[in-house]
Amino acid sequence: MRKRIHLPLAYFVTLLLFLASCSGKGEKKPIEGNGGNAALSNIFERKSVRSYLDKDVEKAKIDLMLRAGMAAPSGRDIRPWEFIVISNRASLDSMANALPTAKMLAQAHHAIVVCGDSTRSSYWYLDCSAATQNILLAAESLGLGAVWTAAYP
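None of these values were measured; they are calculated from a predicted model.

**Observations regarding the pattern of salt bridges**
What the rule picks out here adds up to 5 salt bridges. The closest approach of N and O atoms between Asp63 and Lys59, which form a salt bridge, is 2.9 Å. Residue Asp63 and its partner Lys59 are both found in helix α2 (residues 59-70); the two are separated by 4 residues, about one turn of the helix. What makes Asp63 partly exposed here is its relative accessible area of 31%.

So this is what it looks like as structure tokens:
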């Protein structure tokens, strides 16, 4: 019997990224030199957001972010990740108290925890990083505030 080991790589608007409606969103300035490319604009506009509105995030947006994470490249297409969505207030508060770099979880309504399985790939941490970046970019494109914070090892 093979034992599966899951190591949290990062915490999202939740333990990887803290997903919530973004506070203090200003007008977006055009990015020079991107030729009107929407993908490049999204990359250049992505930012770490640590303060959130007291507003829930629609399930459809959470699903889109998870799908974006699953679309990330993975060595040999192994996909050694699992995503855990946390919406329970007590769990979010517990993580905010236990993790020194995740205090913003106290304001977040949701978090996505990206876990990597080191028994499936020795490059799990690279694959999970790519998945995390896709989730962060998806959050930006959906008008959500997000940040990643690591809890590794």
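**Things to note about the packing of aromatic side chains**
A full pass over the atoms with the stated rule returns 2 aromatic pairs. A ring pair is formed by Trp81 and Phe83, whose centres lie 6.1 Å apart and whose planes are at 25°; its orientation type is stacked. Seen from their ring centres, Trp124 and Tyr125 are 5.9 Å apart, and the 85° between their planes marks the pair as edge-to-face. Taking relative accessible area as the criterion, Trp124 reaches 5% and is therefore assigned buried. Tyr125 sits in the partly exposed class, given a relative accessible area of 37%.

**Structural notes on the confidence of the model for the protein chain**
For the protein chain, per-residue confidence averages 84 on the pLDDT scale, and 78% of positions sit at 70 or higher. Per-element confidence in the protein chain ranges from a low mean pLDDT of 38 for strand β1 (residues 6-11) to a high of 97 for α2. Overall, residues 1-16 carries pLDDT values under 50, and its contacts beyond four positions in sequence, including any with other chains, amount to 102 contacts.

What counts, and at which threshold
- Residues numbered from 1 in each chain as written.
- Predicted model: local features only at pLDDT ≥ 70, side-chain atom pairs only at ≥ 80, totals over all residues.
- Heavy atoms only, no water.
- Salt bridge = Lys/Arg side-chain N within 4 Å of Asp/Glu carboxyl O.
- Helix = DSSP H or I, 4+ residues; strand = E, 2+ residues; numbered from the N terminus.
- Buried < 20%, exposed > 50% of the residue type's maximum accessible area, 1.4 Å probe, protein only.
- Phe/Tyr/Trp six-rings, centres within 6.5 Å; stacked < 30°, edge-to-face > 60°.
- pLDDT = per-residue confidence, 0-100.
- Contact = heavy atoms within 4.5 Å.

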